[in-house]
Number of protein chains: 2
Amino acid sequence: MISKKMENMVANSSAIRAMFEEGNRLAKLYGAENVYDFSLGNPNVPAPSAVKKAIAELLEEEDSLVLHGYTNSNAGYEDVRQAVAESLNERFQTAFGAKNIVMTVGAAGGLNVILKTLLDPGDEVIVFAPYFGEYRSYVNNFDGIIVEISPNTKDFQPKLDEFAQKISPKTKAVIINTPNNPTGVVYSEETIQKLAAVMEEKQKEFGTDIYLISDEPYRELAYDGIEVPYLTKYYDNTIVGYSYSKSLSLPGERIGYLVIPDEVAESDTVISAAGVANRILGFVNAPTLQQKIVAKCLNEKTDITYYDKNRETLYNGLRDCGFECIKPQGAFYLFVKSPVEDEKSFCAAAKKYNILIVPGSSFGCPGYVRIAYCVAYETIINSLPKFRELAAEYSN
Amino acid sequence: MISKKMENMVANSSAIRAMFEEGNRLAKLYGAENVYDFSLGNPNVPAPSAVKKAIAELLEEEDSLVLHGYTNSNAGYEDVRQAVAESLNERFQTAFGAKNIVMTVGAAGGLNVILKTLLDPGDEVIVFAPYFGEYRSYVNNFDGIIVEISPNTKDFQPKLDEFAQKISPKTKAVIINTPNNPTGVVYSEETIQKLAAVMEEKQKEFGTDIYLISDEPYRELAYDGIEVPYLTKYYDNTIVGYSYSKSLSLPGERIGYLVIPDEVAESDTVISAAGVANRILGFVNAPTLQQKIVAKCLNEKTDITYYDKNRETLYNGLRDCGFECIKPQGAFYLFVKSPVEDEKSFCAAAKKYNILIVPGSSFGCPGYVRIAYCVAYETIINSLPKFRELAAEYSN
């Protein structure tokens, strides 16, 4: 009935849905306050008050036909793109113009747009495990092939030796995600420089263009003042995908952008094609009110101290229980080593304590679990005794 | 550099972009008030004031985390889907529940979601010329094959004899669009009944499911009290795609829905798959604020008297000039016979009078042109003497 591709997708999706339904079931049985649902990366810090103010202002200032109308370009409002470009230029000493910005339906929309733009069937896209599992679907949408680089569980920086071996004349793109989902690791400048060097060399060797797609929904969620290198400065064929989902807590509103710098090979063609892809994939344009909102809120920040407090408390708490985990430098995830090889059985054991966590297999990294700490602080405090009981099951 | 599929798409898109740029160029040269741009289907009636009110209320009533957060289901907020279902049930005596509604990023998003859900490579999708040209891209996105039924230029109802011949075991879906873009014609109940009968018969003959996809962005734009049949009542395997772009003048906000009735074969599977498709295509969910807005505005209507006045004035004016045209019963387009076979030369001639119109070839129907009358009334009044001069070029 449904397409064969979708049959597989639906089968795979049922695991996530099952977990979500399990959470609801447990909440009904035991009360929501006694369920420790760390499964979803859904921000729990409200949008900055400036968002509300921006909406109120826009309703007064803007003509309804402009505020809610089709944008002249599928890339979005010229003034919004100009404002985004200027904000990036100020922050990262780049030199983008409005034409380099394509407003998108979140980062997920942006990634689909750029993959549609670039991929021919059979083209390879390299990802570094652990990685956001949705990349598999996005690449599959355009009949590309995902090529995984195995995880470096020492510090979760990418394995560049394996990368250099697996990059091939069929490699069209490399996706990186830093700060990383699921590890919270920020790729160091040294990593980026080496990664870029490999890619430069391989482009020359193969006579191809290999695009570095930087998926950056967590850019603003970086702790302890750590710097997240801006990728376009290290490698010419870099395309950035951004989202305001986390930085302004607007995940449901579906607003983000792509940056396609002039330095990208044949950038005018790629920019035009991305606009067309935005249209024909059915996005048409990023939601217009949201475009205008983010343009008014470019200097706003989410309350990162909230996530930071959760991070410290949960990280230290889990370590005290004896769990092994690298301390995340960004995003809102902890990637914890499962005390047993089969991390799915560990997730099942956790569920007995009403703790919901996601197996690392979903991110191409079995043996680990992801704990999303974008939850109420109380949830963390109340979960720690449960984590201790859980840990006790495995100590002997 | 870019994918081969996209190379073709970009080439095709440049014609539309060229027209848009030509409009801007002419407006600069002669002043916007002296350019008669009938090229775009962009509503020019502002959103009802209830939209603004709804936004203000939502900002006060709703928690930011709910208003702007991910929806629990990729299909959208349960309460919004329930409200949409109830509204449809009241208007059309249907029996939909929340589960039958998938909120989408406009109708274009919805069509991509359902085509992704249904199409295997090589599956055929039938369209009746003239038809919205974007269908070609949407079907192509999933490697489907568009099969055109030639236009019936007598009354622009679909040619059902040719349809019965071309429908095949490979036909997975049939897309209809009534009120129609570009003709403004509403398919009669008789047409729908006959169309359904052909499809029923062919399903039995081939032992397949053939889905009728009803693309309905213009449902509420019907004049003279004409009834637009609700398709699910005539054929079980019907899926409706709707958009608030025209009915609430929110085209830029990207908000609409799919209806997947229980009567659809294996409807639960199709509904699940549509949710997954919504997610993996990068939409994730329809913009959340907009979901809540439309739920509050289900009984609101656009000011159809505005479009109706334009329709009457332009239709009568063009007929007075000697042009041939069927009187549209809905939408905001006139589909006018070109006085010469090559309608592109006619469009070029019109441009000399600063009149911008779209060749019928874009809709699979050469020899005709589309005139979008969703413009200021003054534009219509001022354009009529120009149309008269244009007509004079062709009278002899």
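Use the structure listed above.
Model, not experiment: these values are computed from the prediction. (Residues numbered from 1 in each chain as written. Chains lettered and ligands numbered in written order. Predicted model: local features only at pLDDT ≥ 70, side-chain atom pairs only at ≥ 80, totals over all residues. Heavy atoms only, no water.)

Asks: Just checking my understanding: could you explain the interface of chain A and chain B for this structure?
Replies: When the parts come together, some accessible area is lost, and that loss is often what is quoted as the size of the interface. Residue-level contacts link 75 residues of chain A with 75 residues of chain B. When chain A packs against chain B, close to 5,900 Å² is buried across both sides, 58% of that on carbon and sulfur atoms. By the criterion of area lost to chain B, the three top residues of chain A are A:M1, A:H68 and A:Y70, representing 13% of everything that side buries. For the pair chain A and chain B, the number of links is six salt bridges. Across the pair B:R279 and A:E134 runs a salt bridge, and its minimum N-O distance is 2.8 Å. Linking chain A with chain B are 39 residue pairs in polar contact (both at pLDDT 80 or more), by the criterion used here. Counting residues per element, the ones that place at least two in the side of chain A that touches chain B are α1 (4-30), α2 (49-61), α3 (64-67), α5 (106-118), α6 (134-141), α9 (267-280) and α10 (288-296) of chain A. (Contact = heavy atoms within 4.5 Å. Buried area = accessible area lost by both parts, 1.4 Å probe. Salt bridge = Lys/Arg side-chain N within 4 Å of Asp/Glu carboxyl O. Polar contact = N/O pair within 3.5 Å; in protein donor to acceptor, adjacent residues only side chain to side chain. Helix = DSSP H or I, 4+ residues; strand = E, 2+ residues; numbered from the N terminus.)

Asks: Would you explain the packing of aromatic side chains in this entry?
Replies: For any pair of aromatic rings, the description rests on two quantities: the centre-to-centre distance and the angle between the ring planes. Residue and element names in this part refer to chain A. A complete count under the given rule lists 43 aromatic pairs over all chains for this structure. Ring centres of F128 and F163 lie 5.1 Å apart, and the angle between their planes is 55 degrees; this geometry places the pair in the tilted category. Remark: F163 occurs in helix α7 (residues 160-166) and F128 occurs in strand β3 (residues 124-128); sequence separation between them is 35 residues. An identical accessibility class is assigned to F128 and F163; each is buried. Just above the ring of Y377 sits the side chain of K309; from NZ or CZ to the centre is 4.0 Å. (Phe/Tyr/Trp six-rings, centres within 6.5 Å; stacked < 30°, edge-to-face > 60°. Buried < 20%, exposed > 50% of the residue type's maximum accessible area, 1.4 Å probe, protein only. Lys NZ or Arg CZ within 6 Å of the ring centre and 35° of its normal.)

Asks: Mind showing me how you'd approach the sheet that holds strand β7 (residues 238-243) of chain A here?
Replies: Strand pairs in the sheet, formed through backbone hydrogen bonds, run parallel or antiparallel to each other. All names here are of chain A. Taken together, the seven strands give an open sheet; going across it, the order is β2-β8-β7-β6-β5-β3-β4, and neighbouring strands pair in mixed fashion. Either end of the sheet is taken by a strand with one partner, and the two such strands are β2 (101-104) and β4 (145-149). Going across the sheet, the axis of each strand differs from the next one's by a mean of 20 degrees, ignoring polarity. As paired elements, β7 and strand β8 (residues 256-259) share four bridges and run antiparallel to each other. Bridging from a neighbouring strand, Y242 pairs with Y257 of β8. Across the sheet, α6 touches β3, β4, β5 (171-176) and β6 (211-215), and the angle it forms with β4 is around 150 degrees. (Pairing = 2+ DSSP bridges. Axes fitted to C-alpha atoms, helices over the stretch in contact; angles between N-to-C directions.)

Don't take any of this as a statement about function, it's just geometry.
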